Amino acid sequence: MSVVSVVWTGKMPVLPKVTILTREYIALDIETTGLDPKKDAILEIGAVRFKGKRIEESYTTLINPGRAIPYDIQQLTGIKSVDVFGAPSIHAVLPELRRFVADTPIVGHNISFDLGFLHYQNVCRQNIGVDTFELATMILPNAGRYNLGALAKYLKIELPETGQAHRALYDAQIAHLLFEALRDLVLQLDSRTLETISQLVRKTDWPLAMVFDDIYKERLSGNGNHYQATDSAEKESAETPLSTLNFNPRLSPLNYDKPLKPAPEVQPLDVLELCRTLEKNGLFAKNFEGFEHRPQQVDMLAHVIEAFNETRHLMVEAGTGTGKSIAYLLPAVYWAKQNGQRVVVSTNTINLQDQLLNKDIPALQKILSFRFKAVTLKGRNNYVCPRRVQLFLGKANHSPKELALLIKLLIWLPRTQTGDREELFMPDRVEQALWWQVASESKICNPQTCSADSCFYARARRLAESAHIVIVNHALLLSDIAVDGRIIPEYNHLIIDEAHHLEDSITNQLSFVAEQKAIEQLIQELSQPTRAKGFTGFIEEVARRCAQAVPPRVLQHIMEVVHRSHLIIKKAHVLVAELFGAAQSFAADCTPNSSQYSQKIRLTEQTRNHSDWSNVELAWDNLSIVLTDLSKVLNDLFSRLSELDEFQITNWEELVANLASYRTRIEEIRVNLQRIISEPKPEQVCWVEYAVQNKNVSLHHAPLHVGKLFNENLLKPKDTVILTSATIRTNNSFEYFQGRLNMWDVAKAEVGSPFDYYNHTLLYIPVDMPQPDMPNYQRAVERSLIELVKTIKGRTLVLFTSHSQLKDTAKAIREPLGEAGIQVYEQGHGAGRRQMVENFKIADQAVLLGTRSFWEGVDIPGAALSCVVITKLPFAVPSEPIIAARSETFNNAFSQYSMPLAILTFRQGFGRLIRTKTDRGVVVILDRRVISKNYGQAFIDSLPEAREQRDLLINLPLIAQQWIEGDRK
């Protein structure tokens, strides 16, 4: 059979009826000197022409980029300048590449990157691009990692015997094998799912539609060894309206326990009995080999028990290695079990939630003599709603992003047991925004319409009602307050771990941000013009479904409102752009010309008097009127649609509920923008954020104080609230933490760490280090890091307070350390945070560079991390709007606010080094202010008692090496 050639013209071409095995593809990959097609050059091209699993022809060539190859690219690809000396230029290669590729569809991993460079060279502009990354995120929604190598490993793809990763031909070959493996997985989908996907993509101009259509035709032809289908069956399938397909999966049945019932009388906990479980010959020692008795853990346990028994609140600082999670879980479990009163545990990070659910709680379930139940509960919008998926599926004219999300859902829904969005990989911001259209929604998901047999959120809530321990995150804990406790089942006992994050969590929960793209996305969901002078979107979907079921006399009124809606939304599109254009001009005028990074302009009385701000106010006045009109017309449409329950409108209840939700979201945007621009309140901080490089601008407000809210809504209503963290105190006092959360009447306890810091940690402070504001400071940082890391052979975490310093340092140290065989992992350069840490752990020799998010939560025990370098004391940026506004509320902002805040972060950074009793290493402070400023000693005093040495910078490498190796003579 002849090869099918496809030319990309902007519309999906009419394809002959063939099986996927007869279609030719080109798998292609390029290596480049950087990421920007306009500034960087192509180094290598590799491509394979294939049919199915058979490679027909290969093509590869090195290319002389006409410039130096960056060192990190040399490390990544292995391509050096000597390799491309004498290689052809890109212009000499292009004619041959054109002949090889012709008009064949091109397959590649993140193919838009490769095509971006080729399009810039005016090559392959008409070829369809098939992205294996996008395909994998749909077919393998919970694979975890989606780079080419990780997916090949996940699917157990047999790799080529020759070649190496990050070389063009090898990666093109892997892309081919990955494409075929993904195609096979699609072919194995159940018939109904594959039929639905085929109907969904048919007649669209989405590039992947060709792939899915081919696979479906192969299934129909019987080449997939499944079943035969006639042309009439295919035609019948194609004519079945998507809105009539019932794709609501019935959840697999679970055995539900009865909801907890409080005991008639409260039975206090036995302090001695529980403390004995953690003693040297106690329950834990008998059941867990290597269990270490820690007096500090027993001490914390006793404090927690007293708080439960005496119905009082407690804040307890427990040093690293205390085992604080067991110290609060053990009494929480006993209390919940014997009193029938659930205990809620709130954490800030997913890592801690995973530790509690997968390690600590299973350990308790294994050894305790009674059965208890623990579950995790998330916010409603984390759970998919099958009924809303059904509504979304039946929508007309899906965009490519909507198609990708729907296919992902259609494949995932029959498999998931939780319906939790965390199981899905959604890297695209548009796709994340679209999740709202399929997430559980209170107006749709309610006891009258949902049950634990059909609704994932209802199931999670039902499981939580019978649980003794319910684990949530800080955001959900605070969301529950906002809706009067309708999320978390009733509770009176609360444990807040990672409590040092609580003020920030409350601040974030009560903050608002308005971005142009997000608002435009929302109104585009409602209505968007089409090329055919019509409209698409939710409003048009309401009109379409009403037209199918409502008589003309009633429909006329609906259509009048729909028409008005389209006109108002069209006007809103224009005015949103005008508002953010005015805000951008204002922000740009307030930003220094030399700035390369995002700027935040606090909206004070002074900045609001800026000449350009009046243009923002004028633009908002115009938009505010239109948004008010939009709220009114949506309310009108809601009222009219609500009265049509007697007609057989498809998914009528979901349409009504979605309309109400859209109306609420529009009104929330209007009210919050009004607060930022026209009616600022003294208890709120407002600012404009301006991304200098891409010119994006956003408008924000946040609460000035959160302590009263916490006190009134969490402390006072609950019997027991326990707040714990490894870092609550500053200057050996709880005063700062108490003041931030208005907790002056809460009991306090401090239990130290069981680690021997004095004999295991060297705190090194170079006495000749330049001050951070001196011009030679950065050069001193770079030189000292190069020599230190070389001498101790990697094993170093370097903590920065700014991305700009991190980038400058990475650029300076990468090549000299690379020549010494030491890998540099730089935050924001390639892999995500978690993957960077995992790569660092297994690397032979490596250094890890990170900013704020790396100061805590990084857990690397053992010799893999033997040195932590703190480049600067972690003071918050004084001009940061929230920091600046809160500073104004103190008599002495530096000592009462800025310094305590910095000390908490400083202690977290120090705590990255010693994670077990046997760990040993050095903490280096490259900020001389700890010894030159009168406040510096407060930072040193906040640390555990380590071995301190103040010495010359030149002596640091050798002394660090000797300490790490145990030579302390």
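Note that the structure is predicted; figures quoted are calculated from it, not measured.

### Regarding the overall build of the protein
Phase 1 of the analysis: A count of helices and strands for the protein gives 38 helices and 25 strands.
Phase 2 of the analysis: Based on the C-alpha atoms only, the size of the protein along its principal axes is roughly 80 × 80 × 70 Å.
Phase 3 of the analysis: Buried positions account for 54% of the 969 residues belonging to the protein.
Phase 4 of the analysis: When the accessible surface of the protein is split by element, carbon and sulfur atoms take 48% of a total near 42600 Å².
Phase 5 of the analysis: Each charge class in the protein can be summarised by its mean position, and for the 107 positive and 111 negative side chains these summaries are 1 Å apart.

### Some remarks on the environment of G911
Phase 1 of the analysis: You can see G911 is positioned in the loop between helix 35 (893-910) and strand 24 (921-925).
Phase 2 of the analysis: We classify G911 as buried; its relative accessible area is 8%.
Phase 3 of the analysis: Between the alpha carbons of G911 and P900 there is a distance of 17 Å; along the sequence they are 11 residues apart.

### Considering the packing of helix 23 (residues 538-549) against helix 24 (residues 552-590)
Phase 1 of the analysis: Two elements in contact, helix 23 and helix 24, have axes separated by 10 Å at closest approach and are oriented at 165°. Considered as vectors, helix 23 and helix 24 are oriented roughly antiparallel to each other. For the crossing formed where helix 23 meets helix 24, the hand is left-handed. Together, I539, E540, A543, C546 and A547 of helix 23 and L555, I558, M559, V562, S565, H566 and I569 of helix 24 make up the contact between the two elements.
Phase 2 of the analysis: Residues that form the contact of helix 23 with helix 24 fall into these classes: 9 nonpolar, 2 polar and 1 charged.

### Brief notes about the pattern of salt bridges
Phase 1 of the analysis: In the structure shown here, the tally under the stated rule is 42 salt bridges.
Phase 2 of the analysis: The residue E653 makes a salt bridge to R387 at a minimum N-O spacing of 2.9 Å. Of the two residues, E653 sits in helix 27 (residues 652-677) while R387 sits in helix 16 (residues 386-393), which places them 266 residues apart along the sequence.
Phase 3 of the analysis: Salt bridges sharing common partners tie together K53, E180, R183, D184 and E218.

### Here's the deal with the nonpolar core
Phase 1 of the analysis: In terms of nonpolar packing, the biggest core is built from 103 residues, with W206, F212, F710 and L723 touching the most fellow members.
Phase 2 of the analysis: With 9 residues, the top contributor of residues to this core is helix 17 (residues 400-412).
Phase 3 of the analysis: Contact partners of F710, with chain neighbours within four places excluded, come to I496, L502, I506, L715, L723, L741 and M743.

### A few points about unusual backbone geometry
Most of the time, phi is negative for any residue but glycine, and the peptide bond is trans.
Phase 1 of the analysis: In this structure, C124 is a non-glycine residue whose phi angle is positive, near 65°.
Phase 2 of the analysis: Along the polypeptide, C124 turns up in the loop between helix 4 (111-120) and strand 5 (129-131).
Phase 3 of the analysis: Even without being a glycine, K203 presents a positive backbone phi close to 70°.

### A closer look at helix 5 (residues 132-139)
At 3.6 residues per turn, the α-helix brings residues three or four places apart onto the same side.
Phase 1 of the analysis: Most of helix 5 is tucked away: 7 of the 8 residues are buried.
Phase 2 of the analysis: Check the buried side of helix 5 and you find it contacts strand 4 (106-108), strand 5, helix 6 (148-154), helix 7 (168-187), helix 9 (207-221) and helix 17.
Phase 3 of the analysis: Near the N-terminus of helix 5, the side chain that reaches the backbone nitrogen of F133, with its oxygen 2.9 Å away, is that of D131.

### Looking at the packing of aromatic side chains
Phase 1 of the analysis: Summed over the entire model, instances satisfying the criterion amount to 26 aromatic pairs.
Phase 2 of the analysis: Ring geometry for F906 versus F939: centroids 5.4 Å apart, planes at 90°, classification edge-to-face. Separated by 33 residues along the polypeptide, F906 in helix 35 and F939 in helix 37 (residues 936-941) bring together distant segments of the chain. No difference in accessibility class separates F906 from F939, as the two residues are buried.
Phase 3 of the analysis: It is R388 that lies over the ring of W436; its NZ or CZ is 4.9 Å from the centre.

### Quick notes on the sheet that holds strand 7 (residues 343-347)
Phase 1 of the analysis: If you walk across this open sheet you meet the 7 strands as 8-9-7-10-17-6-18, and the pairing is parallel. Two strands bound the open sheet, and with one partner strand each, they are strand 8 (374-376) and strand 18 (747-751). On average, each strand axis in the sheet is inclined to that of its neighbour by 20°, with strand direction left out of account.
Phase 2 of the analysis: As judged from the 4 bridges shared by strand 7 and strand 10 (residues 493-496), these two strands associate in the parallel manner. Bridge pairing links V344 to L494 in strand 10.
Phase 3 of the analysis: Strand contacts of helix 13 (residues 295-309): strand 6 (314-318), strand 7, strand 10, strand 17 (720-725) and strand 18, with the helix running at about 155° to strand 17, the strand carrying the most contacts.

### Notes on the sheet that holds strand 1 (residues 24-32)
By definition, the strands of a sheet pair up through backbone hydrogen bonds, in either a parallel or an antiparallel sense.
Phase 1 of the analysis: Read across the sheet, 5 strands follow the order 3-2-1-4-5 without closing on themselves; strand pairing throughout is mixed. The open sheet terminates on both sides in strands that have one partner only, identified here as strand 3 (54-62) and strand 5. Going from strand to strand, the sheet's axes swing by 25° on average, the running direction of each strand aside.
Phase 2 of the analysis: Pairing of strand 1 with strand 2 (residues 42-51) involves 9 bridges; the strand directions are antiparallel. Directly across from L28, in strand 2, lies its bridge partner A47.
Phase 3 of the analysis: Its contacts with the sheet place helix 4 against strand 1, strand 2, strand 4 and strand 5, and it is angled at close to 75° to strand 1.

### Some thoughts on the confidence of the model for the protein
Phase 1 of the analysis: The predicted model of the protein has a mean per-residue pLDDT of 89, with 93% of residues at 70 or higher.
Phase 2 of the analysis: The secondary-structure element of the protein with the lowest mean pLDDT is helix 10 (residues 231-239), recorded at 45, while strand 23 (residues 867-870) shows the highest, at 98.

### Description of the side chain of E856
Phase 1 of the analysis: Within the secondary structure, E856 is located in the loop between strand 22 (846-850) and strand 23.
Phase 2 of the analysis: Within the buried core, E856 has no salt-bridge partner, and the shortest N-O distance to an opposite charge, that of R912, equals 6.4 Å.
Phase 3 of the analysis: Within the structure, E856 has its side chain in polar contact with the side chain of H500 (distance 2.9 Å).
Phase 4 of the analysis: Setting aside residues up to four positions removed in sequence, E856 forms contacts with H500, H501, R833, Q908 and R912.

### Looking at helix 23
Phase 1 of the analysis: Between its terminal C-alpha atoms helix 23 stretches 17 Å, which fits the 16 Å expected from 12 residues at 1.5 Å a residue.
Phase 2 of the analysis: When we look at burial in helix 23, the residues that qualify are F538, I539, E541, V542, A543, R545 and C546.

### A few points about the side chain of Q771
Phase 1 of the analysis: In this fold, Q771 is placed in the loop between strand 19 (761-766) and helix 31 (777-791).
Phase 2 of the analysis: Given the relative accessible area of 15%, Q771 is considered buried.
Phase 3 of the analysis: Discounting residues that sit within four places of it in the chain, Q771 has contacts with Y777, R928, R929 and S932.

About the criteria used
- Residues numbered from 1 in each chain as written.
- Predicted model: local features only at pLDDT ≥ 70, side-chain atom pairs only at ≥ 80, totals over all residues.
- Heavy atoms only, no water.
- Helix = DSSP H or I, 4+ residues; strand = E, 2+ residues; numbered from the N terminus.
- Buried < 20%, exposed > 50% of the residue type's maximum accessible area, 1.4 Å probe, protein only.
- Areas by Shrake-Rupley, 256 points an atom, 1.4 Å probe, with all protein chains shown as cover.
- Lys, Arg positive; Asp, Glu negative; His and termini not counted.
- Charge placed at Lys NZ, Arg CZ, Asp CG, Glu CD.
- Axes fitted to C-alpha atoms, helices over the stretch in contact; angles between N-to-C directions.
- Parallel < 35°, antiparallel > 145°, perpendicular 65-115°, else oblique.
- Left-handed = near helix turned anticlockwise from the far one by under 90°.
- Contact = heavy atoms within 4.5 Å.
- Nonpolar A, V, L, I, M, F, W, Y, C, P; charged D, E, K, R; others polar.
- Salt bridge = Lys/Arg side-chain N within 4 Å of Asp/Glu carboxyl O.
- Core = buried A, V, L, I, M, F, W, Y, C linked by side-chain atoms within 4.5 Å.
- Polar contact = N/O pair within 3.5 Å; in protein donor to acceptor, adjacent residues only side chain to side chain.
- Phe/Tyr/Trp six-rings, centres within 6.5 Å; stacked < 30°, edge-to-face > 60°.
- Lys NZ or Arg CZ within 6 Å of the ring centre and 35° of its normal.
- Pairing = 2+ DSSP bridges.
- pLDDT = per-residue confidence, 0-100.
- Expected span 1.5 Å × (residues − 1).

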